[in-house]
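Notes for the structure review
Here are the chains, one letter per residue:
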Amino acid sequence: DVKVTQSSRYLVKRTGEKVFLECVQDMDHENMFWYRQDPGLGLRLIYFSYDVKMKEKGDIPEGYSVSREKKERFSLILESASTNQTSMYLCASSLIHRGDYGYTFGSGTRLTVV
Amino acid sequence: SQQGEEDPQALSIQEGENATMNCSYKTSINNLQWYRQNSGRGLVHLILIRSNEREKHSGRLRVTLDTSKKSSSLLITASRAADTASYFCATDSKRDDKIIFGKGTRLHILP
């Protein structure tokens, strides 16, 4: 069964810490995405990548960076965690660019910054 | 920027009844997708309908698309307790290459 795996389901970090959220897909997909999901705001795109070492800013990139050194792995980095980054983080991948193909999502990481 | 918007925000129906959710969007699209999200989990892709299609079926799911009204509906027939979840539409845009998710409809199936 094809999968997108996020390394942690729940994470608690302190304000100011550098936080790494890892995402691995086993489908040889070119495209990978990071979203955050907040009540009342829906899913918002943070960063995405269409190829190894390539990254593009989404709608809310401030306070985040990403790394894609290998095709199967897309990491989201919170440079200095703040309480307003407490959220559910969802990683997704897709075979084809744009919306021509469904996205496969990971189970999500619920991050709490205290 | 929000493209798709689901209606209603929340829906409660009896098990066995049909559930209908709607999605409206603003700009011309290539495709529209529907996803399900169980509480605290990731989204699961249900169905994709292309702009030149009017209706699509998958099991108990029926999706319609009316590009003249810029709207889509998702019908779940003979609902089950396991259908309790949030349902999201996602649209891409002919203007750029990203897909954008709506805020979802929370569906609750009553026993």
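About the thresholds
Residues numbered from 1 in each chain as written. Chains lettered and ligands numbered in written order. Predicted model: local features only at pLDDT ≥ 70, side-chain atom pairs only at ≥ 80, totals over all residues. Heavy atoms only, no water. Helix = DSSP H or I, 4+ residues; strand = E, 2+ residues; numbered from the N terminus. Rg over C-alpha atoms; globule rule 2.2 N^0.38 Å. Buried < 20%, exposed > 50% of the residue type's maximum accessible area, 1.4 Å probe, protein only. Contact = heavy atoms within 4.5 Å. Areas by Shrake-Rupley, 256 points an atom, 1.4 Å probe, with all protein chains shown as cover. Lys, Arg positive; Asp, Glu negative; His and termini not counted. Charge placed at Lys NZ, Arg CZ, Asp CG, Glu CD. Buried area = accessible area lost by both parts, 1.4 Å probe. Nonpolar A, V, L, I, M, F, W, Y, C, P; charged D, E, K, R; others polar. Disulfide = S-S within 2.5 Å. Core = buried A, V, L, I, M, F, W, Y, C linked by side-chain atoms within 4.5 Å. Pairing = 2+ DSSP bridges. Axes fitted to C-alpha atoms, helices over the stretch in contact; angles between N-to-C directions. Patch = residues over 30% accessible without salt bridge, like charges linked within 9 Å, V, L, I, M, F, W, Y side chains within 5 Å. Salt bridge = Lys/Arg side-chain N within 4 Å of Asp/Glu carboxyl O. pLDDT = per-residue confidence, 0-100.

Attention shifts here to the overall build of chain A. Counting secondary structure elements, chain A contains 0 helices and 12 strands. Scaling as 2.2 N^0.38, a compact globule of 114 residues should have a C-alpha radius of gyration of about 13 Å, and chain A matches this with 13 Å. Each of the 114 residues in chain A was classed as buried or not, and the buried ones make up 48%. The long-range fraction of contacts in chain A, counting pairs at least 24 apart against all pairs at least 6 apart in sequence, stands at 55%. Accessible surface, chain A: about 5400 Å² in total, of which carbon and sulfur atoms supply 50%. If the 16 positive side-chain charges of chain A are averaged to one point and the 15 negative ones to another, these points end up 5 Å apart.

Contacts between the two partners involve 23 residues from chain A, matched on the other side by 19 residues from chain B. Taken together, both faces of the contact between chain A and chain B bury some 1800 Å²; the carbon and sulfur share is 48%. Its residues placed into classes, the side of chain A that touches chain B shows 11 nonpolar, 8 polar and 4 charged.

On to the state of the cysteines, then. The tally for this structure, following the rule as stated, stands at 2 disulfides over all chains. One disulfide bridge connects Cys23(A) with Cys91(A), the sulfur atoms lying 1.9 Å from each other. Taking the sign of the S-S torsion, -75 degrees for the link of Cys23(A) and Cys91(A), the bridge is left-handed. Of the two residues, Cys23(A) sits in strand 4 (residues 23-25) while Cys91(A) sits in strand 10 (residues 87-94), which places them 68 residues apart along the sequence. Note on Cys23(A): relative accessible area 0%, which makes it buried. Judged by relative accessible area, which is 0%, Cys91(A) ranks as buried. The disulfide partner of Cys23(B) is Cys89(B), and the gap between their sulfur atoms is 2.0 Å. Between Cys23(B) and Cys89(B), the S-S torsion sits near 65 degrees, and that sign places the bridge as right-handed.

Once that is clear, we can look at the nonpolar core. Nonpolar side chains in soluble globular proteins tend to end up buried together. Judged by nonpolar contacts, the single largest core of 22 residues is most densely connected at Met21(B), Leu32(B), Trp34(B), Leu74(B), Ile76(B), Tyr87(B) and Leu107(B). Sorting the residues of this core by element identifies strand 2 (10-14), strand 3 (19-25), strand 4 (31-37), strand 5 (43-50), strand 7 (61-66), strand 8 (71-76), strand 9 (85-92) and strand 11 (105-110) of chain B as the ones contributing at least two each. It is strand 3 of chain B that contributes the most residues to this core, 4 residues altogether. Sequence-distant contacts of Leu74(B), that is, excluding residues within four places in its chain, are made with Ala19(B), Thr20(B), Met21(B), Trp34(B), Leu46(B), Leu61(B), Arg62(B), Val63(B) and Tyr87(B). If you look at the next biggest cluster of nonpolar residues, it comprises 21 residues, including Met32(A), Tyr64(A), Leu78(A) and Val113(A).

Here we take up the sheet that holds strand 8 of chain B. All names here are of chain B. An order of 1-3-8-7-6 is seen for the 5 strands of this open sheet, with the pairing classed as antiparallel. Each edge of the open sheet is held by one strand with a lone partner, namely strand 1 (4-7) and strand 6 (55-58). For this sheet the average axis-to-axis angle between neighbouring strands, irrespective of direction, equals 20 degrees.

On to a nonpolar patch on the surface. Judged by side-chain polarity, Leu95(A), Ile96(A) and Tyr101(A) come together as a nonpolar surface patch covering roughly 250 Å² of accessible area. By the secondary structure assignment, Tyr101(A) is in the loop between strand 10 and strand 11 (104-105).

Further remarks concern the confidence of the model for chain B. In this model, chain B carries an average pLDDT of 91, and 93% of its residues clear a pLDDT of 70 or more. When mean pLDDT is compared element by element in chain B, strand 7 of chain B scores highest at 98, while strand 1 of chain B scores lowest at 83.

What follows deals with the pairing of strand 11 of chain B. Working note: regular strand, side chains alternate between the two faces of the sheet. All names here are of chain B. Residues Thr105, Leu107 and Ile109 of strand 11 are buried on one face, while the alternating residues Arg106, His108 and Leu110, pointing to the opposite face, are not. Two strands pair when backbone bridges link them, and strand 2 and strand 11 are joined in this way by 5 bridges, in the parallel orientation. Bridge assignment links leucine 11 to a residue of strand 11, and that residue is leucine 107. Pairing geometry for strand 9 and strand 11, over 3 bridges, is antiparallel. Within the sheet, the bridge partner assigned to alanine 85 lies in strand 11 and is leucine 107.

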